[in-house]
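Given next are the chains, with one letter for each unit.
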Amino acid sequence: MARIRLQNISKRFPRHTAIAELDIDVADGEFFVLLGPTGAGKTTALRIIAGLEKPTTGDVMIGDMEATSWGPAERDVALVLQQYSLYPRLTVRENLSFPLRSRVRNMSEPDIEKRVEYASKTLRIEHLLERKTDRLSGGEMQRVSIGRAIVREPRAFLMDEPLSALDAKLRESLRTELKNLQMRLGATFIFVTHDQVEAMTMGDRIGVLNKGRLIQVGTPREVYSNPRNTFVASFVGSPAINLLPGQLNGSAVVVTPDTFELPMQGNAGVDAGPYTFGVRPEDVLVDSGAPVEARVHDIENHGIEKILTLRVGDTLLRATVPAKVKVAVEEAVRFSWRPEKVMLFDSATGLNLAHKAA
């Protein structure tokens with residue numbers, strides 16, 4: 001396994017810059033997630049690590065070696081794609097053993113069989129070994145695709161949205177399996193996704209990309225609770241954070257004078273003035289004795305909880321409440337929030353003032 005570093009990597013195409021000055025340091029044995037919207041540069045970064053793209057500037061380090069000029073085979077990393085890249089006329093056993101039969105590896109049949117047996121047992125696909133891959137389900141094909149990577153015993157696993165084509169229940173199951181697999185192998189995983197749930201549940205650390213630039217790197221908890229700016233705050237978290245324009249007046253947040261004013265903490269030394277205030281829906285408290293009145297604009301029932309959209313004048317914000325709470329659209333309710341959880345963002349730059357000071 002190996003530590004992987006991207007040092008000041010940029011990749012420019014004729015009509016656009018895909019990546020700009022990207023610095024990433026992935027520790028040996030770490031599950032690192034690159035998270036961002038479509039077009040953020042995630043796949044380009046992964047292809048540069050794999051050797052399928054050459055950076056315009058910057059260096060790729062694998063282990064302690066500068067690997068920018070190495071070809072894909074020399075890098076010894078395994079790339080798992082959204083498309084399964086299997087041979088439909090071959091059995092699962094033949095697909096798993098195929099990468100090991102090259103002249104370069106020159107492996108004996110007993111060694112090949114040992115690796116195939118280990119991979120199939122690890123992924124629980126032993127019962128599928130003699131089946132043709134065109135007769136497998138999507139989840140089974142993705143397991144085989146991952147198995148083809150495992151048998152190679154690569155320095156690192158690179159995964160480009162491998163779960164995005166699967167249905168929701170299967171994605172949830174394979175998220176757990178992939179994380180457990182990485183922990184059992186002690187392997188370095190770099191996982192690309194636009195799905196923040198995948199990032200939050202699987203990653204040891206997350207790197208958030210936007211428009212080719214790395215915005216923030218941190219643990220899931222750090223990125224969620226202390227986002228660097230409004231982009232990260234709104235992209236990470238479901239339901240999305242409430243971002244409210246308003247005025248800071250001492251320790252009070254004034255969204256709408258008289259009708260929507262609530263306290264906040266942690267703003268010592270911050271000048272009064274216009275800001276953007278962020279508060280997560282789980283930190284909005286619906287209670288009959290709360291100071292602000294709102295109308296229920298919408299209700300989403302998620303089984304164990306409800307997500308309410310509240311309306312105060314022209315302002316909308318979301319709150320999560322237990323499923324047992326009985327409420328109806330257009331009903332009047334009262335709410336407050338946890339003052340210590342309110343985030344303060346610069347209105348012009350979007351930067352989190354607390355993060356900037358940290």
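Here, every reference points to the structure presented above.
> When you look at the packing of aromatic side chains in this model, what are you seeing that I'm missing?
To describe a pair of aromatic rings, you give the distance between the ring centres and the angle between the ring planes. Tallied over the entire structure, the rule returns 8 aromatic pairs. With 5.4 Å between their ring centres and 90° between their planes, phenylalanine 260 and phenylalanine 335 make a pair best called edge-to-face. Taken together, the positions of phenylalanine 260 in strand S13 (residues 260-263) and phenylalanine 335 in strand S19 (residues 332-337) put the pair 75 residues apart, joining distant regions of the chain. Judged on exposure class, the residue phenylalanine 260 and its partner phenylalanine 335 are both buried. On the numbers, 6.4 Å between centres and 70° between planes, the contact of tyrosine 275 with phenylalanine 277 is edge-to-face. Phenylalanine 277 shares its class with tyrosine 275; the two are buried. Taken together, Phe31, Phe157, Phe189 and Phe191 form an aromatic cluster joined through their ring pairs. Of note, arginine 280 hangs over the ring of tyrosine 224, and the distance from its end group to the ring centre comes to 4.0 Å.

> Looking at this model, I keep getting lost on the side chain of asparagine 229. Mind explaining?
Its location among the elements puts asparagine 229 in the loop between helix H8 (220-225) and helix H9 (230-235). Note on asparagine 229: relative accessible area 11%, which makes it buried. A polar atom in the side chain of asparagine 229 sits 3.2 Å from the backbone nitrogen of phenylalanine 231. At 3.0 Å, the side chain of asparagine 229 and the backbone nitrogen of valine 232 are in polar contact. Contacts of asparagine 229, omitting those with residues within four sequence positions, involve Ile215, Phe345, Gly350, Leu351 and Asn352.

> Quick question: what am I supposed to make of the sheet that holds strand S16 (residues 292-301) here?
Within a sheet, adjacent strands bond to each other through the backbone by hydrogen bonds, running parallel or antiparallel. Spatial ordering of the open sheet is given by S15-S19-S16-S17-S18, a layout of 5 strands whose pairing is antiparallel. Strands at the two margins of the open sheet, each flanked by one partner only, are strand S15 (284-286) and strand S18 (315-322). Adjacent strand axes in the sheet meet at a mean angle of 45° when their direction is disregarded. Both S16 and strand S17 (residues 305-312) contribute to a ladder of 6 bridges, which runs antiparallel. Bridged to glutamate 300 within S17 is isoleucine 307.

> What is the right way to look at the pattern of salt bridges in this model?
Once their charged atoms are close, side chains differing in charge can pair, the charge on each being opposite to the other. According to the stated counting rule, one finds 16 salt bridges in the structure shown. Residues lysine 11 and glutamate 53 are paired through a salt bridge, measuring 3.8 Å at the closest nitrogen-oxygen approach. Placement of lysine 11 in strand S1 (residues 4-12) and of glutamate 53 in the loop between helix H1 (42-50) and strand S4 (57-62) is noted, with a sequence separation of 42 residues between them. An identical accessibility class is assigned to lysine 11 and glutamate 53; each is buried. One salt-bridge network, held together by shared partners, links Lys11, Arg47 and Glu53.

> Please clarify how the pairing of strand S2 (residues 17-26) should be interpreted in this entry.
Working note: regular strand, side chains alternate between the two faces of the sheet. Looking at chain direction, S1 and S2 are connected through 6 bridges and run antiparallel. Among the inter-strand pairings, arginine 12 is bridged to a residue of S2, identified as threonine 17. Between the end of S1 and the start of S2, which pair antiparallel, lie 4 residues.

Cut-offs used in this document
Residues numbered from 1 in each chain as written. Predicted model: local features only at pLDDT ≥ 70, side-chain atom pairs only at ≥ 80, totals over all residues. Heavy atoms only, no water. Phe/Tyr/Trp six-rings, centres within 6.5 Å; stacked < 30°, edge-to-face > 60°. Helix = DSSP H or I, 4+ residues; strand = E, 2+ residues; numbered from the N terminus. Buried < 20%, exposed > 50% of the residue type's maximum accessible area, 1.4 Å probe, protein only. Lys NZ or Arg CZ within 6 Å of the ring centre and 35° of its normal. Polar contact = N/O pair within 3.5 Å; in protein donor to acceptor, adjacent residues only side chain to side chain. Contact = heavy atoms within 4.5 Å. Pairing = 2+ DSSP bridges. Axes fitted to C-alpha atoms, helices over the stretch in contact; angles between N-to-C directions. Salt bridge = Lys/Arg side-chain N within 4 Å of Asp/Glu carboxyl O.

In short, the description is geometric, and any link to function would need to be established separately.
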